[in-house]
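The primary structure of each chain is shown beneath.
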Amino acid sequence: MTVSFEDFCQTVVNDSERARTVFDNCDIRYTDAFVGLTTMGKNMTENHLEIVFSSNLDSRHVNMVNTCEFMVHPGYPSNHGTGGCGQGPDEFSISTERQYELNRLTSKEIKHFYDKRNMQLISMENI
């Protein structure tokens, strides 16, 4: 059974909403917002990041977000048959899109992107 990307994303969102109650009951900290499902690989463009972060961090919103987790998977592509998590490399771990993310996340442009929006990178330990 093939699950569409949209269905996959919706499942992740639904699971995370249910997890908030558990996290609250166990005093587990989490961010106010989460982005990253639609910014993987080649979708990590400045224009797309602007749209995604603006919808979560826009100060004109009544419930202004103070913290936002940005999920990324930077790295080097695994070789076929080696690497990956658990049962070997999956399709994303062997793709060049991981290298693309690594290059984007270590670029001067991304630092400028954060600075221009007064965004700070912090550890989860600091939320």
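With respect to the nonpolar core
If you look at the biggest cluster of nonpolar residues, it comprises 10 residues: V35, M44, L49, V52, F53, F70, I110, F113, Y114 and M119. Contributing elements (two or more residues each) for this core: α2 (46-57) and α4 (108-116). Those residues within four positions of Y114 in sequence are excluded, and the remaining contacts are F70, L105, M119 and L121.

Let's talk about unusual backbone geometry
Unusually for a residue other than glycine, D27 sits at a positive phi of about 55°. Secondary-structure assignment places D27 in the loop between α1 (5-25) and β1 (33-35). A relative accessible area of 70% means that D27 is categorised as exposed. Positive phi, normally seen in glycine, also occurs at N118, with a value near 55°. If you trace the backbone, N118 turns up in the segment after α4.

Let's talk about the packing of α2 against α4
In the contact formed by α2 and α4, the axes pass within 12 Å of each other and the chain directions differ by 30°. Relative to α4, α2 is oriented roughly parallel. Along this stretch, α2 crosses α4, giving a crossing that reads as right-handed. Only I110, F113 and K116 of α4 make contact with α2, whose side of the interface consists of E46, L49, E50 and F53. Partitioning the contact of α2 with α4 into residue classes produces four nonpolar, no polar and three charged.

What about the confidence of the model for the protein chain?
For the protein chain, the mean per-residue pLDDT works out to 84, and 91% of the residues sit at or above 70. Least confident of the elements in the protein chain is α2, whose mean pLDDT is 85; most confident is helix α3 (residues 97-105), at 92.

Observations regarding the packing of aromatic side chains
Evaluation of the coordinates by the stated rule reveals five aromatic pairs. Look at F53 and F113: their rings are 6.1 Å apart centre to centre, the planes differ by 55°, and that puts the pair in the tilted class. Of this pair, F53 sits in helix α2 while F113 sits in helix α4; the two residues are 60 residues apart in sequence, bridging distant segments of the chain. F113 gets classed as buried once you look at its relative accessible area, which sits at 2%. Taken together, the aromatic side chains of F53, F70, F113 and Y114 make up a single cluster linked through ring pairs.

Focus: a nonpolar patch on the surface
Together, V3, F5 and F8 make up a nonpolar patch on the protein surface, roughly 270 Å² of accessible area in all. Along the chain, F5 falls in helix α1. For F5, a relative accessible area of 38% translates into the label partly exposed.

Describing the pattern of salt bridges
Per the counting criterion, the structure on display carries five salt bridges. With its nearest N and O atoms 3.8 Å apart, the salt bridge here joins E46 to K116. Here K116 lies in helix α4 and E46 lies in helix α2, a separation of 70 residues in the sequence. Residue classification places E46 among the partly exposed residues on the basis of a relative accessible area of 34%. We note a salt bridge from E50 to R117, for which the minimum N-O separation is 2.2 Å. Of this pair, E50 sits in helix α2 while R117 sits in the segment after α4, and the two are 67 residues apart along the sequence. Classification of E50 by relative accessible area gives partly exposed; the value is 28%.

Rules of the game
Residues numbered from 1 in each chain as written. Predicted model: local features only at pLDDT ≥ 70, side-chain atom pairs only at ≥ 80, totals over all residues. Heavy atoms only, no water. Core = buried A, V, L, I, M, F, W, Y, C linked by side-chain atoms within 4.5 Å. Buried < 20%, exposed > 50% of the residue type's maximum accessible area, 1.4 Å probe, protein only. Helix = DSSP H or I, 4+ residues; strand = E, 2+ residues; numbered from the N terminus. Contact = heavy atoms within 4.5 Å. Axes fitted to C-alpha atoms, helices over the stretch in contact; angles between N-to-C directions. Parallel < 35°, antiparallel > 145°, perpendicular 65-115°, else oblique. Left-handed = near helix turned anticlockwise from the far one by under 90°. Nonpolar A, V, L, I, M, F, W, Y, C, P; charged D, E, K, R; others polar. pLDDT = per-residue confidence, 0-100. Phe/Tyr/Trp six-rings, centres within 6.5 Å; stacked < 30°, edge-to-face > 60°. Patch = residues over 30% accessible without salt bridge, like charges linked within 9 Å, V, L, I, M, F, W, Y side chains within 5 Å. Areas by Shrake-Rupley, 256 points an atom, 1.4 Å probe, with all protein chains shown as cover. Salt bridge = Lys/Arg side-chain N within 4 Å of Asp/Glu carboxyl O.

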